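# Descriptive analysis of the structure
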Amino acid sequence: MTRFLVPGEPNLAQTWWERIVAGFAHAPSPHVTSTELAMVVLLAVAVSLPRLTWRYFGLLATVTHELGHAFAALTTGQRLGGIRLGLDHSGTTTTFSRSRASAAWSTFWGYPVPAVVGAVMVWCGFNGWGPAAMSVGTLILLASFLFLRNGTGLLITAAAVLAAALLVLFVPPVFNGHVMIVLGLALLVAAVRDLGKLANVHLRHRDRITTSDAYLLARATSVPAAVWIILFAAVVAAAWWFAWQPMAPVFTALFGHVISPP
């Protein structure tokens, strides 16, 4: 049976765009129970640590990592040559700069960015800005198509955009905050995992060290790679501290006593 759209009847694209625009309005803060939050933490660990789930979720962390490089480059006036992504979680962002400081700035903002984005997602989820975070994230993913330079990158990003579009279309706005908390915590855990992989490259797999952002920063600045790894870890730790603030009262109710921030 052929179905024709009646004039004035909204289609999926129109509904999607209306929800993207509507998402920028402040929504009521979701009620997150201690039991739900404990389950969310377990879910974040489940998608970020086991190899089976990390094979897929880790691709989102890679996209976020490379977009961090790209955004940092654009903020310092660098020319962005393009982004390439691989199914093995590899990624390359090519930028052109005449300033060592600008190049170092864009190189730095790779590993810490999933944690920073995750912390912002968690904060937005708890404070009624979950729909806005979902709208902004979807639009950023769409804009990233302009900078992708390989088919695999297009495929990975298209899958992320599709997932984001489905969330926008089929998740009621009242649940968007909960979704952002889940995704944000998963990215925070992913950032810790990626830092562990980076440290492992420098300690045990030095044959792959030329792919390390810390190595590239050390070559560009003469500051040891270990210092850059410590700085990455400091930003990730700060992101966890920031995300912990709205979670602390909920966990206090779960354990029955005050938990001090880490």
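Please refer to the structure placed before this passage.
Report on the accompanying structure. Keep in mind that what you see is a predicted model, and the values were worked out from it rather than measured. (Residues numbered from 1 in each chain as written. Predicted model: local features only at pLDDT ≥ 70, side-chain atom pairs only at ≥ 80, totals over all residues. Heavy atoms only, no water.)

Scanning the protein from terminus to terminus reveals 10 helices and two strands. The linear arrangement of helices and strands in the protein, starting from the amino end, is α-α-α-β-β-α-α-α-α-α-α-α. At 20 Å, the protein has a C-alpha radius of gyration in line with the 18 Å of a compact globule built from 262 residues. Overall, the protein is about 60 × 55 × 35 Å in size when its C-alpha atoms are taken along their principal axes. (Helix = DSSP H or I, 4+ residues; strand = E, 2+ residues; numbered from the N terminus. Rg over C-alpha atoms; globule rule 2.2 N^0.38 Å.)

Once that is clear, we can look at the packing of helix α3 (residues 51-75) against helix α4 (residues 100-108). Where α3 meets α4, the closest approach of the two axes is 7 Å, and the angle between their N-to-C directions is 150 degrees. The orientation of α3 with respect to α4, classified from their angle, is roughly antiparallel. The way α3 lies across α4 gives a crossing that is right-handed. For the pair α3 and α4, contact is made by His69, Ala72, Ala73 and Thr75 and by Trp105, Ser106 and Thr107, respectively. Within the contact of α3 with α4, the residues separate by chemical class into three nonpolar, four polar and no charged. (Axes fitted to C-alpha atoms, helices over the stretch in contact; angles between N-to-C directions. Parallel < 35°, antiparallel > 145°, perpendicular 65-115°, else oblique. Left-handed = near helix turned anticlockwise from the far one by under 90°. Contact = heavy atoms within 4.5 Å. Nonpolar A, V, L, I, M, F, W, Y, C, P; charged D, E, K, R; others polar.)

This next bit is on the pairing of strand β1 (residues 79-85). As a general feature of sheets, a regular strand has side chains that alternate between the two faces. Across six bridges, β1 lies against strand β2 (residues 91-96) in antiparallel orientation. Among the inter-strand pairings, Arg79 is bridged to a residue of β2, identified as Phe96. Taking the residues between adjacent antiparallel strands as the criterion, β1 and β2 are bridged by five residues, where His89 takes a positive phi near 75 degrees. (Pairing = 2+ DSSP bridges.)

This paragraph deals with the pattern of salt bridges. A side chain of one charge can pair with a side chain of the opposite charge when the charged atoms of the two come close. Counted under the stated rule, the structure contains one salt bridge. Of the charged contacts in the structure, one is a salt bridge between Asp194 and Lys197, with a shortest N-O distance of 3.9 Å. Taken together, the residues Asp194 and Lys197, both in helix α8 (residues 173-203) and three residues apart, mark about one turn of the helix. For Asp194, a relative accessible area of 12% gives the class buried. For Lys197, a relative accessible area of 37% puts it in the partly exposed group. (Salt bridge = Lys/Arg side-chain N within 4 Å of Asp/Glu carboxyl O. Buried < 20%, exposed > 50% of the residue type's maximum accessible area, 1.4 Å probe, protein only.)

What follows is about the layout of surface pockets. A volume near 1,200 Å³ is recorded for the largest pocket. Lining the largest pocket are 42 residues, and of these Thr64, Leu67, Val117, Gly137 and Leu141 lie nearest its centre. Looking at the lining of the largest pocket, the elements with two or more residues in it are α3, α5 (113-126), α6 (130-144), α7 (151-170) and α8. Among the elements that take part in the lining of the largest pocket, α3 stands out by supplying 13 residues, more than any other. Partitioning the lining of the largest pocket into residue classes produces 36 nonpolar, six polar and no charged. Lining the second largest pocket are 28 residues, with His89, Ser90, Gly91, Tyr111 and Thr211 sitting closest to its centre. Elements represented by at least two residues in the lining of the second largest pocket include exactly α3, β1, β2, α4, α8 and α9 (213-221). Across the lining of the second largest pocket, the residue classes break down as six nonpolar, 15 polar and seven charged. (1 Å grid on protein atoms, 1.4 Å probe; cavity = no way out; pocket = protein on both sides within 12 Å on 5 of 7 lines; lining within 4 Å. Points joined across faces, edges and corners; volume = space filled by probe spheres on them.)

For the structure shown, the criterion picks out seven aromatic pairs. On the basis of an interplanar angle of 40 degrees and a centroid distance of 5.6 Å, the ring pair of Tyr111 and Phe232 is categorised as tilted. Placement of Tyr111 in the loop between α4 and α5 and of Phe232 in helix α10 (residues 225-255) is noted, with a sequence separation of 121 residues between them. The exposure class assigned to Tyr111 is buried, which follows from its relative accessible area of 14%. According to the relative accessible area criterion, Phe232 is buried, its value standing at 0%. (Phe/Tyr/Trp six-rings, centres within 6.5 Å; stacked < 30°, edge-to-face > 60°.)

A general tendency of soluble globular proteins is for nonpolar side chains to be buried together. The biggest cluster of nonpolar side chains holds 54 residues, and the ones touching the most others in it are Leu37, Phe126, Leu185, Leu188, Phe232 and Met247. Leu59, Leu148, Ile156 and Ala164 belong to the second largest nonpolar core, which has 12 residues in total. (Core = buried A, V, L, I, M, F, W, Y, C linked by side-chain atoms within 4.5 Å.)

Below, the discussion takes up unusual backbone geometry. The backbone of His89 sits at a positive phi, close to 75 degrees, despite the residue not being glycine. Even without being glycine, Ser222 reaches a positive phi, approximately 70 degrees. Mapped onto the elements of the fold, Ser222 is located in the loop between α9 and α10. Taking relative accessible area as the criterion, Ser222 reaches 67% and is therefore assigned exposed.

With respect to the helices and strands, the residue Leu12 is situated in helix α1 (residues 12-22). In sequence terms Leu12 and Ala165 are 153 residues apart; their C-alpha atoms lie 10.0 Å from each other.

Distances and angles like these do not, on their own, reveal function.
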